[in-house]
Amino acid sequence: MSRSAHPAGPRHADVLPEGHYTAPADDLNALDPKVWAHTVGRDADGVVTVGGIAVTQLAEEYGTPAYILDEADFRDRARAWRTAFGTDADVFYAGKAFLSRAVVRWLDEEGLNLDVCSGGELATALSAGMPAERIAFHGNNKSPEEIERAVRAGVGRIVLDSFQEIVRVAHTAESLGKRQRVQIRVTVGVEAHTHEFIATAHEDQKFGIPLADGQAAEAVRRALQLDGLDVIGIHSHIGSQIFDMSGFEVAAHRVVGLLKDVRDEHGVELAEIDLGGGLGIAYTSDDDPREPHEIAKALSEIVTRECEGARLRTPRISVEPGRAIVGPTAFTLYEVGTVKPLEGLRTYVSVDGGMSDNIRTALYDAEYSVALASRTSDAEPMLVRVVGKHCESGDIVVKDAFLPGDLAPGDLIAVPATGAYCRSMASNYNHAMRPPVVAVRDGAARVIVRRETEEDLLRLDVG
Ligand code: LLP
């Protein structure tokens with residue numbers, strides 16, 4: 001790796017442009033455990049290690065960019081959620097955050113269930129041996145083929161998202177001589193404090209059936225009449241990257257209100273309530289997420305209190321964390337290609353990936369942090385924008401951060417907390433080849449999703 005000198009970039013001591021950045025950390029070499037996977041550290045040479053392996057070695061063996069996933073951390077977090085919710089509740093890992101067959105096996109081994117939202121995710125889950133009864137099937141427009149496949153496989157629940165779907169699933173189940181366990185997804189009218197595109201409980205959006213105007217009650221009324229359906233409960237997902245429990249409080253209050261109405265009208269006490277996922281993680285040191293045991297305690301207290309007030313038996317609770325389990329367990333490893341100081345502005349650091357492996361910055365204005373990973377440095381901090389190699393000026397990975405002023409082409413940098421919604425939302429834009437996911441554990445690394453090749457690209461292009 002070259003360590004060529006380059007013109008000095010703007011330092012924090014100089015005038016800084018407008019931006020969302022906070023002051024540089026006192027020690028740029030420090031790795032805040034809040035944003036890095038559990039086994040991440042630095043070795044005696046200052047190289048970042050994970051699971052006991054140096055990133056320089058990982059880069060040499062697997063190339064860059066690469067998602068490096070700490071398997072022990074994934075299992076720890078999955079287990080922490082499982083343990084926190086105990087045997088009276090269910091934890092469904094949301095596969096949309098990141099799904100692969102290795103992940104499915106880890107979840108199975110750690111006793112978690114799985115939420116899938118497409119035929120592809122369902123196929124991945126089944127092919128890795130996840131028992132169908134531990135799978136929940138989601139989606140606002142499941143195709144007839146997807147519904148049939150899920151019912152045939154015997155998934156533990158299908159989450160119904162519209163009046164049409166109530167009829168479709170009932171019809172499919174009946175024609176297969178089955179009774180399908182279902183939940184009805186409702187929107188409770190809560191505005192979760194998050195980005196508009198990832199907030200899902202306000203009513204003006206595509207998911208769920210509004211509680212307002214009695215629509216959800218009508219959905220339950222219809223579903224209860226259909227022989228093909230076994231209505232086991234109500235589902236609510238209020239959004240993503242949420243830190244504040246008050247949205248869940250309002251959601252639980254309103255969902256329990258519906259359970260009460262259902263009991264009063266039909267004499268049926270629905271047995272389950274699913275409060276969805278959406279729990280936030282730390283992308284930067286400014287974020288303060290809650291621990292799973294605090295979340296479990298808060299949710300169970302809220303639901304118990306609401307049910308006592310409504311004189312209902314407390315239903316079985318389930319949750320669907322995706323990001324909170326996988327997000328912090330992986331980082332993206334990039335090699336620096338160019339370092340371009342713009343005097344009075346900032347220094348643009350181009351890496352060998354970009355919006356094709358992390359679209360979240362461009363799409364949601366997401367904030368990330370970044371660290372020099374292949375060495376330490378005592379150089380002055382410089383304000384950087386980490387950008388990719390795509391033909392688009394919005395191709396930004398880390399909008400504003402500080403890296404050492406002697407950063408040079410050939411250095412490896414790592415962006416933490418990219419385990420969720422990065423590989424799963426990756427694209428082939430500009431015919432980029434999607435990076436591999438390398439799982440590291442106890443000094444051993446293995447590829448769990450391999451890097452795409454030009455051959456892969458050309459195989460789809462049938463001429
Ligand atoms: N359950 C349901 C019904 C969901 O729709 C979602 C996320 C989850 C659970 C998991 O949410 P999590 O715990 O991972 O926040 N692409 C966006 C996030 C979209 C989330 C969609 N649904 C992002 O990158 O932030």
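Residues numbered from 1 in each chain as written. Predicted model: local features only at pLDDT ≥ 70, side-chain atom pairs only at ≥ 80, totals over all residues. Heavy atoms only, no water.

## Some remarks on the domain arrangement of the protein
Each domain of the protein was delimited in the assignment, giving domain 1 (13–70 + 328–460) and domain 2 (138–321). Taken residue by residue, the interface counts 12 residues in domain 1 and 11 residues in domain 2. Interface area lost by domain 1 to domain 2 is led by Lys34, Tyr364 and Glu367, which between them contribute 41%. On the surface where domain 1 and domain 2 come into contact, there are one salt bridge. (Domains from an automatic or database assignment. Contact = heavy atoms within 4.5 Å. Buried area = accessible area lost by both parts, 1.4 Å probe. Salt bridge = Lys/Arg side-chain N within 4 Å of Asp/Glu carboxyl O.)

## Let's talk about the pairing of strand β8 (residues 157–160)
With burial as the criterion, each face of β8 is covered, one bearing Arg157 and Val159 and the other bearing Ile158 and Leu160. Regarding topology, helix α5 (residues 144–153) serves as the crossover connection from strand β7 (residues 135–137) to the parallel β8, and that connection is right-handed. Here β8 runs beside strand β9 (residues 180–187); their pairing, made up of three bridges, is parallel. Within the sheet, the bridge partner assigned to Leu160 lies in β9 and is Ile184. Handedness of the crossover is the feature at issue here: the chain leaves β8, passes through helix α6 (residues 163–175), returns alongside β9, and the resulting connection is right-handed. (Buried < 20%, exposed > 50% of the residue type's maximum accessible area, 1.4 Å probe, protein only. Helix = DSSP H or I, 4+ residues; strand = E, 2+ residues; numbered from the N terminus. Right-handed = clockwise from strand over helix to strand, strands pointing away. Pairing = 2+ DSSP bridges.)

## Here we look at helix α4 (residues 119–127)
Turning to α4, its buried residues number three or more, namely Gly119, Glu121, Leu122 and Ala125. Along the axis of α4, the buried positions cluster into a sector of 160°, meaning they face one direction only. Tucked into the core, α4 has its buried residues touching α3 (101–110), β6 (113–116), β7 and α5. Taken from the residues just after α4, Gly129 is the one with a positive phi, measuring 90°. (Arc of directions from axis to C-beta.)

## Some details on the nonpolar core
Membership of the largest hydrophobic core comes to 111 residues, with the highest contact counts inside it found for Phe74, Tyr93, Ile184 and Ile413. Counting residues per element, this core draws most heavily on helix α8 (residues 246–266), which supplies eight residues. Viewed by domain, this core spans two of them, domain 1 (13–70 + 328–460) and domain 2 (138–321), each represented by three or more residues. Sequence-distant contacts of Ile184, that is, excluding residues within four places in its chain, are made with Leu160, Ile209, Ala219, Val220, Ala223, Val231, Gly233, Ile234 and His235. (Core = buried A, V, L, I, M, F, W, Y, C linked by side-chain atoms within 4.5 Å.)

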